[in-house]
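Next come the chains, spelled out residue by residue.
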Amino acid sequence: MRVVMLGYQTWGHKTLEALLASRHEVVLVVTHPPSEHAYESIWADSVQDLARDAGVDVHLAKRPDESLIARVAELAPDVMVANNWRTWLPPELFTLPTHGTLNLHDSLLPRFTGFSPVIWALISGASETGLTAHMMDDDLDTGGIISQRAVPITATSTGPELVRATIDLIPEVLLDALDRLESGSASPTPQDLAARTFFHKRSEEDGLVDWRLPAEEIERLVRALQDPYPNAYTFFRGERLRIVEAHVSRSVYGGTPGRVFIAEDGGMVIVAGADAYRGTSPGLVLDVIRTDDGQEHKALEWFGRGGGYLTATP
């Protein structure tokens, strides 16, 4: 089939790689200009460079315009494929191809619609994430599902590991969906929108630790935001500390949330949980922290001893 692809960053790069290696013909690639935004500079494989190296025409745009719509109409593609396209596509564009527009979204829709779905899935305590190929419609990530694959979230999964795992699914899910569309066997499954969960874009503020949360939830946040993401962070006596490694304590610790308490398993225990005063919950053991000068420290050595509180402000 003749394909127009819209995509950005590593997600779009992997999608274009799969298309170029397939029997389908890529007639145009549409991508965004490079960005210096913190989250957009992490998975930054260039769609533009890959397309040009392959001799495919490239259209750069922050959002679709009349010239793009006219170009796609002229090319008359059989299908458009979108992955990590960051702005709204109007119906007069996404309905142009014979088979419509196939969107790839890195969650098991209808859950985790929206932005940073893999990271939110891990933070929320979900048992799995994955990749969905669905038909684009007038709303965000709500169209009928063509193909879907799952990735388990384990007790040791990190955000970067899960992102890589879902990116690795792109060729399988994409080519399965395109085969179904081309053969006429695709039967889009309507999403149960009553089960839809919709998450916003992440910012650095979303990594601030709330010590009133249970230690298990904070530990998931730490794993979700491991390098290369901006790590989960807190403040101690005016200094920001980024939490590189942590684990839930073996013992139960009571008192006030955020208290720097005592050594356990070579790390420093922080009292956690809104009901910590009851003495019924574990704490969070900080193993490795990073200070704002970029230096990593074993937490027990850096604190030296218990005392003081980790806070939400300097």
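The notes below deal with the structure included here. Predicted, not measured: the structure shown is a model, and the values here were computed from it.

## Considerations on the overall build of the protein
Turning to step 1, where the next piece is worked out: The secondary structure content of the protein amounts to nine helices and 16 strands.
Turning to step 2, where the next piece is worked out: The principal-axis extent of the C-alpha atoms belonging to the protein is close to 70 × 40 × 30 Å.
Turning to step 3, where the next piece is worked out: A sequence separation of at least 24 residues applies to 68% of the contacts in the protein between residues at least 6 apart.
Turning to step 4, where the next piece is worked out: Accessible surface, the protein as shown: approximately 14,000 Å² in total, 49% of it carbon and sulfur.
Turning to step 5, where the next piece is worked out: Computed over 27 positive and 44 negative side-chain charges, the inter-centroid distance for the protein is 5 Å.

## Remarks on the nonpolar core
Turning to step 1, where the next piece is worked out: If you look at the biggest cluster of nonpolar residues, it comprises 67 residues, and the most contacted ones within it are Leu-102, Trp-211, Leu-286, Phe-303 and Leu-310.
Turning to step 2, where the next piece is worked out: Apart from the residues within four sequence positions on either side, Trp-211 is in contact with Ile-218, Thr-234, Ile-243, Pro-257, Gly-258, Ile-270, Val-271, Ala-272, Gly-273, Leu-284, Leu-286 and Leu-310.
Turning to step 3, where the next piece is worked out: Grouped together as the second largest cluster of nonpolar side chains are 16 residues, Val-30, Leu-75, Trp-85 and Phe-94 included.

## Topic: the layout of surface pockets
Turning to step 1, where the next piece is worked out: The volume enclosed by the largest pocket comes to roughly 1,000 Å³.
Turning to step 2, where the next piece is worked out: Residue lining of the largest pocket: 43 residues in total, with Asn-84, Trp-85, Arg-86, Gly-114 and Phe-115 positioned closest to the centre.
Turning to step 3, where the next piece is worked out: Of all elements in the fold, only helix H1 (9-20), strand E4 (79-83), strand E5 (101-105) and helix H5 (117-124) reach the threshold of two or more residues within the lining of the largest pocket.
Turning to step 4, where the next piece is worked out: In the lining of the largest pocket, the residues fall into 20 nonpolar, 12 polar and 11 charged.

## Here's the deal with H5
Turning to step 1, where the next piece is worked out: Across the eight residues that make up H5, a large majority, seven, are buried.
Turning to step 2, where the next piece is worked out: Considered for burial, the residues of H5 that qualify are Pro-117, Val-118, Ile-119, Trp-120, Ala-121, Leu-122 and Ile-123.
Turning to step 3, where the next piece is worked out: Residues of H5 that are buried sit in contact with E5, strand E6 (113-114), strand E7 (128-135), helix H6 (159-168), strand E9 (198-199) and helix H8 (215-224).
Turning to step 4, where the next piece is worked out: Note on H5: the residue one or two positions beyond its end, Gly-125, has a positive phi of about 95°.

## What about the environment of Val-79?
Turning to step 1, where the next piece is worked out: Among the structural elements, Val-79 can be located in strand E4.
Turning to step 2, where the next piece is worked out: Looking at Val-79, the relative accessible area reads 0%, which means it is buried.
Turning to step 3, where the next piece is worked out: With 196 residues separating them along the chain, Val-79 and Asp-275 place their C-alpha atoms 54 Å apart.

## Description of the environment of Val-248
Turning to step 1, where the next piece is worked out: In this structure, Val-248 sits in strand E11 (residues 239-252).
Turning to step 2, where the next piece is worked out: Residue class for Val-248 comes out partly exposed when judged on its relative accessible area of 25%.
Turning to step 3, where the next piece is worked out: Separated by 38 residues in the primary sequence, Val-248 and Leu-286 have C-alpha atoms spaced 8.8 Å apart.
Turning to step 4, where the next piece is worked out: For Val-248, the residues in contact, after removing those within four places along its chain, are Ala-215, Glu-216, Glu-219, Pro-282, Gly-283, Leu-284 and Val-285.

The rules behind the values
Residue positions are given per chain, counted from 1 along the sequence in the order it is written. Under the rules for a predicted model, residues below a pLDDT of 70 receive no local features and side-chain atom pairs below 80 are neither given nor counted, while totals for whole chains, interfaces and linings still include all residues. Hydrogens and waters are ignored; side-chain quantities use all the structure's heavy atoms. Counting from the N terminus, the helices are DSSP H or I runs at least four residues long and the strands are E runs at least two residues long. In this analysis, two residues are considered to be in contact whenever any of their non-hydrogen atoms come within 4.5 Å of each other. Every accessible area reported is derived by Shrake-Rupley at a probe size of 1.4 Å, with residue values counting cover from the shown protein chains alone. Neither His nor the chain ends contribute to the count of charged residues, in which Lys and Arg are positive and Asp and Glu negative. In this description, the location of a charge corresponds to atom NZ of lysine, CZ of arginine, CG of aspartate or CD of glutamate. By nonpolar core is meant a set of buried Ala, Val, Leu, Ile, Met, Phe, Trp, Tyr and Cys residues that side-chain atoms within 4.5 Å join together. Accessibility here uses a 1.4 Å probe with only protein chains present; expressed as a share of the type maximum, an area under 20% marks a residue as buried, one over 50% as exposed, and anything in between as partly exposed. A 1.4 Å probe that fits but cannot get out identifies a cavity on a 1 Å grid over protein atoms alone, an open set with protein on both sides within 12 Å along at least five of seven lines counts as a pocket, and a residue lines either if it has an atom within 4 Å of a point. Grid points are joined across faces, edges and corners, and a volume is the space filled by probe spheres set on the points. Three classes are used: nonpolar for Ala, Val, Leu, Ile, Met, Phe, Trp, Tyr, Cys and Pro, charged for Asp, Glu, Lys and Arg, and polar for all others, with Gly counted as polar.

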